[in-house]
Amino acid sequence: MVSSDRPDAAAMRAYADELREMFRQITDAGQELHEKAKSLRATAKSRDGLVTATVGARGELVGLDLDPRIYRHPDARALARTILDTVQRATDQARERVVEVLEPVVPRDELLAHLDGDLDTAMARFADRMEGKR
């Protein structure tokens, strides 16, 4: 009889097999996926079209273009908000593209939890899978 507070051995074995297969896939495709994700860039343009921001895979700002027309109505605070909003939208795009690149080998919900730094959710999902839950 299986205790309700302990993981089912068959479920643990199934999850171990799944992890082994995931590891094999990552190993096989790892270098290619790593290079693809690492070289990823995302660009967003502000709503007014005057600010263009490009970020790398981790959301780091790698390019910023300010149209000279921004000086026609000087408002430093508005410009700062526009830049921040544009960089955030580019970062969101980059994050989504990283997920798309890695999704064939890492389940989307687990990858998102890790990218968000949500250790509680990541560990809860891990525990659920160890117990045979999805």
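Up top is the structure these notes are about.
Please read these numbers as outputs of a predicted model, since none were measured by experiment.

Definitions and limits used
Residues numbered from 1 in each chain as written. Predicted model: local features only at pLDDT ≥ 70, side-chain atom pairs only at ≥ 80, totals over all residues. Heavy atoms only, no water. Buried < 20%, exposed > 50% of the residue type's maximum accessible area, 1.4 Å probe, protein only. Helix = DSSP H or I, 4+ residues; strand = E, 2+ residues; numbered from the N terminus. Pairing = 2+ DSSP bridges. Axes fitted to C-alpha atoms, helices over the stretch in contact; angles between N-to-C directions. Contact = heavy atoms within 4.5 Å.

**A closer look at the pairing of strand S1 (residues 41-45)**
Part 1: Only one face of S1 is covered, namely the face carrying Ala42 and Ala44; the face carrying Arg41, Thr43 and Lys45 is uncovered.
Part 2: Sheet topology places S1 next to strand S2 (residues 51-56); 5 bridges connect them, and they run antiparallel. If you follow Ala42 over to S2, its bridge partner there is Val55.
Part 3: The turn linking S1 back onto S2 is made up of 5 residues, and Gly49 within it adopts a positive phi angle of 80 degrees.

**Topic: the sheet that holds S1**
Within a sheet, each strand pairs with its neighbour through backbone hydrogen bonds, oriented either parallel or antiparallel.
Part 1: Strand order in the open sheet formed by 3 strands is S1-S2-S3, with antiparallel pairing between adjacent strands. Looking at the sheet topology across the chains shown, the edges are occupied by S1 and strand S3 (61-66). Ignoring which end each strand starts from, the neighbouring axes of this sheet average 15 degrees apart.
Part 2: The strands that helix H2 (residues 76-102) touches are S1, S2 and S3; relative to S1, the one it contacts most, it runs at about 145 degrees.

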